[in-house]
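# Residue-level structure breakdown
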Amino acid sequence: MKKLSVWILALALLVFAGGDALAIQYVTIGTGGVTGVYYPTGGAISKLINKKRKEYNLRMTVESTGGSVFNVNALMNGDIEMGVVQSDLQWQAYNGKGEWEGKPQEKLRAMFAIHPEAVTILAADDKNIRSVADLKGKIVNIGAPGTGQRVNAMDFFQAAGIDVDKDLKAEGIKPSEAASMLQDGRIDAFFYTVGHPNGSIKEAVAGARKVNFVPVDEALVAKLTADQPYYAPAMIPVAPYPGVVNKEDVPTFGVKATICTSADVPADIIYTITKEVFENIDELRDLHPALSVLTRENMLQGLSAPLHPGAEKYFKEVGLVK
Ligand code: GLU
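My aim in this report is to walk through the structure given alongside it, one point at a time. (Residues numbered from 1 in each chain as written. Predicted model: local features only at pLDDT ≥ 70, side-chain atom pairs only at ≥ 80, totals over all residues. Heavy atoms only, no water.)

### Some thoughts on the site of the ligand
Heads up, the rule is: Each residue is tested against the molecule or strand, and it is near if at least one of its non-hydrogen atoms lies within 4 Å. Any pair of N or O atoms that falls within 3.5 Å is considered a polar contact. Within protein, one atom must be able to donate a hydrogen and the other to accept it, and sequence-neighbouring residues count only if both atoms are side-chain atoms. Note on areas: Shrake-Rupley, 1.4 Å probe, and residue coverage restricted to the protein chains presented here. Per the convention used, a helix needs a DSSP run of H or I reaching at least four residues, while a strand needs a run of E reaching at least two, with both numbered from the N terminus. Lys, Arg, Asp and Glu make up the charged group, whereas Ala, Val, Leu, Ile, Met, Phe, Trp, Tyr, Cys and Pro make up the nonpolar group; the residues left over, Gly among them, are polar.
Taken together, 14 residues lie near the ligand, and Val37, Ser68, Gln86, Gly148 and Thr193 sit nearest. Contact distances for the ligand include 2.6 Å between an oxygen atom and a backbone N or O atom of Val37. The backbone of Thr193 places a nitrogen or oxygen atom 2.7 Å from a nitrogen atom of the ligand. Alone, the ligand offers 290 Å² of accessible surface; in the complex the protein occludes 98% of this. Every element with two or more residues in the shell around the ligand is listed here: α6 (148-160) and β7 (189-194). Here the shell around the ligand takes three residues from β7, the largest share from any one element. For the shell around the ligand, the residue count by class is four nonpolar, nine polar and one charged.

### Quick word on helix α9 (residues 218-227)
Basically, it comes down to this: Here's how the labels work: a residue is buried when its accessible area is under 20% of the maximum for its type, exposed when over 50%, partly exposed in between, all with a 1.4 Å probe on protein chains only. Directions are taken from the helix axis to each C-beta atom, and the arc is the one they span.
Of all the positions in α9, only Leu220, Val221 and Leu224 are classed as buried. Mapping the buried residues of α9 onto a view down its axis gives an arc of 100 degrees, with all of them on the same face. α9 presents Glu218, Ala219 and Ala226 as exposed residues on the side facing more than 90 degrees away from its buried surface.

### Observations concerning the packing of helix α2 (residues 38-51) against helix α10 (residues 267-279)
Each pair of packed helices can be described by the angle between their axes along with the distance between the axes. The criterion, for reference: To get an axis, fit a line to the C-alpha atoms, keeping to the stretch in contact for a helix; angles then go from 0 to 180 degrees between the N-to-C directions. Small angles under 35 degrees read as roughly parallel and large ones over 145 as roughly antiparallel, with 65 to 115 read as roughly perpendicular and the rest as oblique. Any two residues whose heavy atoms approach within 4.5 Å at even a single point are treated as in contact.
Look at α2 against α10: their axes get within 10 Å of each other, and the N-to-C directions meet at 105 degrees. The orientation of α2 with respect to α10, classified from their angle, is roughly perpendicular. On α10, the residues touching Ile45, Leu48 and Ile49 of α2 are Ile273, Glu276 and Val277. Tallied by class, the residues present in the contact of α2 with α10 amount to five nonpolar, no polar and one charged.

### A few points about the packing of aromatic side chains
Test applied: Here is the rule: rings of Phe, Tyr and Trp (six-membered ring for Trp) pair when centre to centre is within 6.5 Å. Planes less than 30 degrees apart are stacked, more than 60 are edge-to-face, and the remainder are tilted. Only when the NZ of Lys or the CZ of Arg is both within 6 Å of the ring centre and within 35 degrees of the ring normal is a charge said to sit over the ring.
In total, this model carries 13 aromatic pairs according to the counting rule given. When the ring of Trp91 is compared with that of Tyr230, the centres are 5.6 Å apart and the planes differ by 40 degrees; the resulting orientation is tilted. Taken as a pair, Trp91 in helix α5 (residues 87-95) and Tyr230 in the loop between α9 and β9 (232-236) lie far apart in primary sequence, 139 residues in all. Residue classification places Tyr230 among the buried positions, given a relative accessible area of 18%. Lying across the ring of Tyr271, Lys313 places its NZ or CZ 4.3 Å from the centre.

### Details of unusual backbone geometry
In this model, His196 is joined to Pro197 through a cis peptide bond whose omega is -5 degrees. Among the structural elements, Pro197 can be located in the loop between β7 and α8 (199-205). Residues other than glycine seldom take positive phi values, yet Asn57 does so here, at roughly 55 degrees. With respect to the helices, strands and loops of the structure, Asn57 is situated in the loop between α3 (53-56) and β2 (58-63).

### A look at the environment of Glu218
By secondary structure assignment, the location of Glu218 is in helix α9. Accessibility expressed as a relative area gives 72% for Glu218, which makes it exposed. Glu218 sits 15 residues away from Pro233 along the chain, and the two C-alpha atoms are 8.7 Å apart.

### Section: the pattern of salt bridges
Worth spelling out the cut-off: Within this document, salt bridges are pairs made up of a side-chain nitrogen of Lys or Arg and a carboxyl oxygen of Asp or Glu, the two lying within 4 Å of each other.
Under the defined criterion, the tally for this structure stands at 12 salt bridges. With a closest N to O distance of 3.8 Å, Lys166 and Asp163 form a salt bridge. Look at Lys166 and you get exposed, because its relative accessible area is 69%. With its nearest N and O atoms 3.8 Å apart, the salt bridge here joins Lys275 to Glu279. Placement of the pair is Lys275 and Glu279 together in helix α10, with a separation of four residues, close to one helical turn.

### Some remarks on the side chain of Arg109
The condition is simple: We treat Lys and Arg as the positive residues and Asp and Glu as the negative residues; His and chain ends play no part in the count.
The residue Arg109 is located in strand β4 (residues 108-124) in this model. We note that Arg109 is buried and unpaired, the nearest opposite charge coming from Glu106 at a distance of 8.1 Å. Excluding its chain neighbours within four sequence positions, the residues that come into contact with Arg109 are Tyr94, Cys260, Thr261, Ser262, Ala263, Ala305, Pro306, Leu307 and His308.

### Things to note about the nonpolar core
Note the threshold: Buried residues of nine kinds, namely Ala, Val, Leu, Ile, Met, Phe, Trp, Tyr and Cys, make up a nonpolar core once their side-chain atoms join them within 4.5 Å.
Residues Ile45, Met82, Phe112, Ile259, Ile273 and Val277 are the most contacted members of the largest nonpolar core, which totals 31 residues. With six residues, α10 is the single largest residue contributor to this core. Beyond its immediate sequence surroundings of up to four residues, Ile45 is in contact with Met60, Phe112, Ile259, Ile273, Val277 and Leu284. Counting 26 residues, the second largest nonpolar core, distinct from the first, contains Phe156, Phe191, Val216 and Tyr231.

This is the structure in structure tokens:
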């Protein structure tokens, strides 16, 4: 009798809550500007998950955000459950450096890495910015607060011995607006730490004003990678950008994009998402050209915060982690 009444109660609750809506869990992934790679990547991952939303009772939504720094803070506030974060900023946040000086973000957790990102400096050809030193005296968008490029641009100018406050006019424009501002003549150059190809650079090269990538010379790349071990040499491909002035791929430095979460997000959710992504890497590679380089192995590189237990469980199951 007691058993029966428990069942009736459970059934009534289920009906009351509207059937399967009872168990649906919502996951929001914070990305970046709509013309970057984070946003379409978030879309690609959501697409994989939402195809099976009935099976998993999971519903994933993508949010365009300010970028890496914003995403770390939103994860730590519980505003989002997943976020795309540059590998350098994952390290700084977890270890309490840079933007988080003295305030380690102890609940930050790594899931997996995605594509490489190059610190990209795009300039108006008519401004004759052919090297780092030519940026002096120019109007340069170093990136809005909350973006990863703003942090990288500051590191870059410091390593180059250029004073951001005195030697140039620094702007803090959102990445989705930088290309049109460059075309309109309101800025001379902009920084974007981003995978290639991406919509922002495509938009900028398609305009009437000719543009060129500014190479970062070998000595400066060496200095940056020696001082900050999370930086690595990188190349910007010119092939996807017909119309750009450069004829050859452009040297610079870079990082990796990673997917992070919080220790507060349940392990079953993170396990499901990690598994779904790793079992469908082929599909993910096809969903965006910047993701075409992904492999199971390189998706475990560049992680410095502890792995989330849900991700770790999957990696152990398939032998990617011991
Ligand atoms: N790396 C940039 C950032 O952290 C975002 C790049 C993108 O949206 O693809 O702000």
